[in-house]
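Here are the chains, one letter per residue:
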Amino acid sequence: MPELPDLVYIENNLRSALNSKRITDIKIKEPIVFRILVSKGFESLIDARFENVYRHGPFLGFKFDNGSEMVIHPMLAGRFKLGSETARSGRGLCFSIHMEDGLALHYADDKKMGKVYLIEAGDYANIPRYTQQGVDILSEKFTLQTFHGLIQGQRKQIRVFLMDQTILSAIGNAYADEILFHARIHPKTFCYQLTQDEVTQLFRSIHEVIYSGIAEVEKARQPIEIKVRDHMKVRNRKDTPCPCCGTTIRRAGVLGYDAYFCPSCQPTSRKQFIDW
Ligand SMILES: [Zn+2]
């Protein structure tokens with residue numbers, strides 16, 4: 001559920017809320033989501049203090065002053081919530097971390113697909129997909145030149161390429177649709193069918209859509225467990241009119257995922273591109 005703009009918002013909120021707080025208690029409801037990669041248990045965090053909260057692609061990391069680190073991969077349905085110790089934390093609750101001032105961090109996941117790792121600080125080798133993340137699209141390494149290099153020679157459909165986290169870290173389903181709509185590219189287009197100008201436009205669309213998504217989520221000022229999607233133009237808008245041309249938004253399957261697009265703004269037919 002949390003996509004990059006959501007995670008940036010969650011990260012910033014948690015960093016300021018948890019900063020230096022001492023943990024007084026931990027309640028585990030769903031042991032199945034835990035992967036403890038250290039000899040001590042999760043309870044070893046009691047009495048430790050939060051040192052930092054950071055994001056790595058789709059992962060959220062928490063560093064503690066006792067040399068431990070917790071890394072969470074929320075996948076499709078993981079969600080964070082800050083509340084008082086006694087507040088109802090909702091369904092799907094996996095764990096609650098209670099702090100000295102009465103604040104609690106809750107993590108819930110209805111699908112139990114996400115994972116919570118406890119590691120020695122910096123020891124990411126055994127976290128699946130952590131070290132295989134591609135270039136972070138919010139980092140300065142993500143340049144137009146880098147993007148052209150990454151897409152060159154790719155045989156994938158463009159939507160599949162955008163969502164490949166070993167290449168770009170990290171674009172999820174909702175923003176993949178919004179980016180392709182912004183770039184006016186049909187989701188089933190193959191990478192090699194794109195002209196150089198279209199690749200350049202696509203790079204600009206990634207920037208534009210992700211950074212305006214971050215601004216929209218920030219502006220909405222919702223609690224961190226709420227997903228802000230009101231600014232989406234095509235995602236989950238099947239059978240509603242395209243905000244640009246009025247054509248009915250369609251949904252199609254692209255390699256097992258639902259893609260939403262406007263058939264007029266993002267046509268399938270492409271000019272033959274002859275590369276002599
Ligand atoms: Zn349209």
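Since this is a predicted model, take the numbers as computed values, not measurements.

**Observations concerning the pattern of salt bridges**
Following the criterion strictly, the structure yields 17 salt bridges and no others. Here Asp25 makes a salt bridge to Lys27, at a shortest N to O gap of 3.2 Å. In this structure Lys27 comes out as partly exposed when scored by relative accessible area, which is 39%. Each member of the salt-bridge network shares a partner with another, and the members are Arg22, Asp47, Arg49 and Glu100.

**Some points on the packing of helix α2 (residues 144–151) against helix α5 (residues 196–220)**
In contact at an axis separation of 10 Å, α2 and α5 are set at 120° when each is read in the N-to-C sense. With respect to their mutual orientation, α2 and α5 come out oblique. When the axes of α2 and α5 are compared, the crossing they make is right-handed. Contacts between α2 and α5 involve Leu144, Phe147, His148 and Ile151 from the first element and Gln196, Val199, Thr200, Leu202, Phe203 and Ile206 from the second.

**Examining the sheet that holds strand β4 (residues 59–64)**
Pairing within the open sheet is mixed, and its five strands lie in the order β2-β9-β5-β4-β3. The open sheet has two free edges, formed respectively by β2 (34–36) and β3 (50–56), since each of these has just one partner strand. Here the strands of the sheet are splayed against their neighbours by 20° on average, with no regard to which way each runs. The pairing of β4 with strand β5 (residues 68–73) spans four bridges and is classified as antiparallel. Looking across to β5, one finds that Leu60 is bridged to Ile72.

**A short note on helix α1 (residues 4–18)**
Helix length check: α1 (15 residues) gives 20 Å between terminal C-alpha atoms against 21 Å at 1.5 Å per residue, within 8%. A large share of α1 lies buried, amounting to 11 of its 15 residues. Regarding α1, the residues found buried are Leu4, Pro5, Asp6, Leu7, Val8, Tyr9, Ile10, Glu11, Leu14, Ala17 and Leu18. Following α1 by one or two positions, Ser20 adopts a phi angle in the positive range, close to 65°.

**Topic: the coordination of the zinc ion**
Each protein donor to the zinc ion is listed here as Cys242 (SG), Cys245 (SG), Cys262 (SG) and Cys265 (SG); together their distances run 2.2 to 2.4 Å. Coordination at the zinc ion is tetrahedral, judged from the four donor atoms that bind it and the angles of 101 to 114° they form at the metal. The sequence motif formed by the donor residues of the zinc ion is C-x2-C-x16-C-x2-C.

**Some words on the side chain of Ser169**
On the secondary structure map, Ser169 appears in strand β11 (residues 168–169). The exposure class of Ser169 is buried, given its relative accessible area of 1%. Among the polar contacts listed, one links the side chain of Ser169 to the side chain of Gln133, at a separation of 2.6 Å. If we skip the residues at most four places from it in the chain, Ser169 touches Gly57, Pro58, Gln133, Gly134, Val135, Asp136 and Ile137.

**Let's talk about the packing of aromatic side chains**
As enumerated under the stated definition, the model contains 15 aromatic pairs in all. Aromatic pair Phe147 and Phe203: ring centres 5.9 Å apart, planes at 40°, arrangement tilted. Residue Phe147 is located in helix α2, and its partner Phe203 is located in helix α5; the two are separated by 56 residues in the primary sequence. Site record: aromatic cluster; members linked through ring pairs are Phe34, Phe42, Phe50, Phe62, Phe64, Phe80, Phe95 and Tyr107. When the ring centre of Tyr54 is taken as reference, the NZ or CZ atom of Lys63 above it lies at 5.3 Å. Lying over the aromatic face of Tyr192, Arg155 brings its terminal NZ or CZ to 4.2 Å of the ring centre.

**Brief notes about the domain arrangement of the protein**
Domains assigned within the protein are domain 1 (4–120) and domain 2 (135–261). Here domain 1 and domain 2 have C-alpha centroids that lie 29 Å from each other. Every contact between the two is made by 15 residues of domain 1 and, on the other side, 18 residues of domain 2. Summed over both partners, the interface of domain 1 with domain 2 buries about 1500 Å², with 63% contributed by carbon and sulfur atoms.

Conventions and cut-offs
- Residues numbered from 1 in each chain as written.
- Predicted model: local features only at pLDDT ≥ 70, side-chain atom pairs only at ≥ 80, totals over all residues.
- Heavy atoms only, no water.
- Salt bridge = Lys/Arg side-chain N within 4 Å of Asp/Glu carboxyl O.
- Buried < 20%, exposed > 50% of the residue type's maximum accessible area, 1.4 Å probe, protein only.
- Axes fitted to C-alpha atoms, helices over the stretch in contact; angles between N-to-C directions.
- Helix = DSSP H or I, 4+ residues; strand = E, 2+ residues; numbered from the N terminus.
- Parallel < 35°, antiparallel > 145°, perpendicular 65-115°, else oblique.
- Left-handed = near helix turned anticlockwise from the far one by under 90°.
- Contact = heavy atoms within 4.5 Å.
- Pairing = 2+ DSSP bridges.
- Expected span 1.5 Å × (residues − 1).
- Donors = N, O, S within 2.8 Å, 3.2 Å for Na, K, Ca; no water.
- Tetrahedral: all angles 85-135°; square planar, octahedral: opposite > 155°, others 65-115°.
- Polar contact = N/O pair within 3.5 Å; in protein donor to acceptor, adjacent residues only side chain to side chain.
- Phe/Tyr/Trp six-rings, centres within 6.5 Å; stacked < 30°, edge-to-face > 60°.
- Lys NZ or Arg CZ within 6 Å of the ring centre and 35° of its normal.
- Domains from an automatic or database assignment.
- Buried area = accessible area lost by both parts, 1.4 Å probe.

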